[in-house]
Amino acid sequence: ASNAKEARRVSIICVTYQHEKFALDAVGGLLQQTYLPFEMIILDDASADATADIIAGELAKHPHRTEIRLVRNERNLGYPGNVVKGVEMAQGELILLAHGDDIMLPTWPEKMVKVLRDEKVSLVITNARFVDENAVDLNRFRRPLDEPYDESFETLARDGGNALCGGSGMGFERRFFVDLNWLRDERAPFDI
């Protein structure tokens, strides 16, 4: 019961733009999550390619998945604007951010929520494993595992990003961003 209660607090936002080559895999990853959040919002930022149609077609195959919705922007908002729109639309207290060219592992939200809850933190960033256009593992990570890196909050607050903070795979308390108005801050780490 506590897992169901916790899930009501979680919103996954997936932002897309011109991701037709990856959209099917990205949606497939979202559909395979072991932890069902309160809602999943996929925002297509007025892609000129078939991104939104591919996503809509895949979601139509899963009509019972009413927690997932696709929003097609009428005009391009840019990456920061699309993220802000998603956060403003989201109902959850915890926001998990994905991109339309990422394949989220099935336990991604489950692990993110556990860290947010257990560690009593407001922001969590995951590492990322890079693959090529055919999903072949390139044995590279967003943050190399054997190199020193700066993951400090001070650097994140000062520079709008740090060695770990890359946008996708980010989990945060909605109030942390909304109350501080950080999403509208030009230093926010949404420049990918």
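Each remark here, short or long, concerns the structure printed above.
The text that follows walks through the structure, step by step, so that each part is easy to find. Residue numbers run consecutively from 1 along every chain, following the written order of its sequence. With pLDDT at 70 or above as the cut-off, local features in this predicted model cover only qualifying residues; side-chain atom pairs require 80 or more to be listed or tallied, and sums for whole chains, interfaces and linings still use all residues. Only hydrogens and water are set aside; all other atoms, that is, all heavy atoms of the structure, feed into the side-chain values.

Digging into the overall build of the protein
And then number 1: The numbering of helices and of strands both runs from the N terminus, where a helix is a DSSP run of H or I of at least 4 residues and a strand a run of E of at least 2. The number of helices and strands found in the protein is 7 helices and 8 strands.
And then number 2: Put simply, 73% of the contacts in the protein that link residues at least 6 apart link residues at least 24 apart. Here, two residues are considered to be in contact whenever any of their heavy atoms come within 4.5 Å of each other.

Overview of the pattern of salt bridges
And then number 1: Salt bridges are defined by distance alone: a side-chain nitrogen of Lys or Arg within 4 Å of a carboxyl oxygen of Asp or Glu. This model, assessed by the stated rule, comprises 8 salt bridges.
And then number 2: Between Asp53 and Arg72 there is a salt bridge whose closest N-O contact spans 3.1 Å. Taken together, the residues Asp53 in helix α3 (residues 51-60) and Arg72 in strand β3 (residues 68-72) connect sequence positions 19 residues apart.
And then number 3: One network of salt bridges, in which partners are shared, links Lys114, Arg117 and Asp118.

Considerations on the nonpolar core
And then number 1: Residues belong to one nonpolar core when they are buried, are Ala, Val, Leu, Ile, Met, Phe, Trp, Tyr or Cys, and are joined through side-chain atoms within 4.5 Å. Burial here depends on accessible area, computed with a 1.4 Å probe over protein chains only, as a share of the maximum for the residue type. Under 20% is buried, over 50% is exposed, and the range in between is partly exposed. Counting residues in each nonpolar core, the largest one holds 22 residues, and the members touching the most others are Leu30, Ile42, Leu96 and Trp108.
And then number 2: For this core, the secondary structure elements donating two or more residues are β1 (10-16), α2 (23-31), β2 (39-44), α3, β4 (94-99) and α5 (108-118).
And then number 3: Once residues within four sequence positions are removed from consideration, Leu30 is found in contact with Ile12, Cys14, Met40, Ile42, Arg65 and Met104.
And then number 4: Val15, Val87, Leu97 and Phe176 belong to the second-largest nonpolar core, a separate cluster that totals 16 residues.

Observations regarding the packing of α2 against α3
And then number 1: Packing of α2 against α3 leaves a shortest axis separation of 9 Å and a crossing angle of 35°. In this structure, α2 crosses over α3, and the sense of that crossing is right-handed. On α3, the residues touching Ala23, Leu24, Val27 and Leu31 of α2 are Thr51, Ile54, Ile55, Glu58 and Leu59.
And then number 2: Split into classes, the residues belonging to the contact of α2 with α3 amount to 7 nonpolar, 1 polar and 1 charged. Axes here refer to lines fitted to C-alpha atoms; in helices the fit is confined to the stretch in contact. Angles between the N-to-C directions go from 0 to 180 degrees. Crossing handedness is read from the near helix: turned anticlockwise from the far helix by less than a right angle, it gives a left-handed crossing, and turned clockwise, a right-handed one. The classification used treats Ala, Val, Leu, Ile, Met, Phe, Trp, Tyr, Cys and Pro as nonpolar, Asp, Glu, Lys and Arg as charged, and all other residues, Gly among them, as polar.

Observations concerning the pairing of β1
And then number 1: Across the 7 residues that make up β1, a large majority, 7, are buried.
And then number 2: In β1, alternate side chains face the same way, and those of Val10, Ile12, Cys14 and Thr16 on one face and Ser11, Ile13 and Val15 on the other are all buried.
And then number 3: Where β1 meets β4, 6 bridges bridge the pair, whose relative direction is parallel. Of the residues in β4, the one forming a bridge with Ser11 is Ile95.
And then number 4: Strands pair, by our definition, only if DSSP identifies at least two bridges between them. Bridge count for β1 against β2 is 6 bridges, and the pairing is parallel. Residue pairing across strands places Ser11 opposite Glu39, the latter belonging to β2.
And then number 5: Viewed along the sheet, the connection from β1 through α2 into β2 turns out right-handed. Whether a crossover is right-handed depends on one test, that the path from the first strand over the helix to the second runs clockwise when the strands point away from the viewer.

Structural notes on the sheet that holds strand β5 (residues 123-125)
Consider a sheet: its strands pair through backbone hydrogen bonds, and that pairing is either parallel or antiparallel.
And then number 1: Pairing is mixed in the open sheet, where 6 strands are placed in the order β3-β2-β1-β4-β8-β5. The strands lining the two open edges of the sheet, one partner per strand, are β3 and β5. Mean inter-strand twist for the sheet, computed between neighbouring axes without regard to direction, equals 20°.
And then number 2: The sheet strands contacting α3 are β1, β2 and β3, and the helix crosses β3 at an angle near 155°.
And then number 3: Strand contacts of α5: β1, β4, β5 and β8 (170-173), with the helix running at about 140° to β4, the strand carrying the most contacts.

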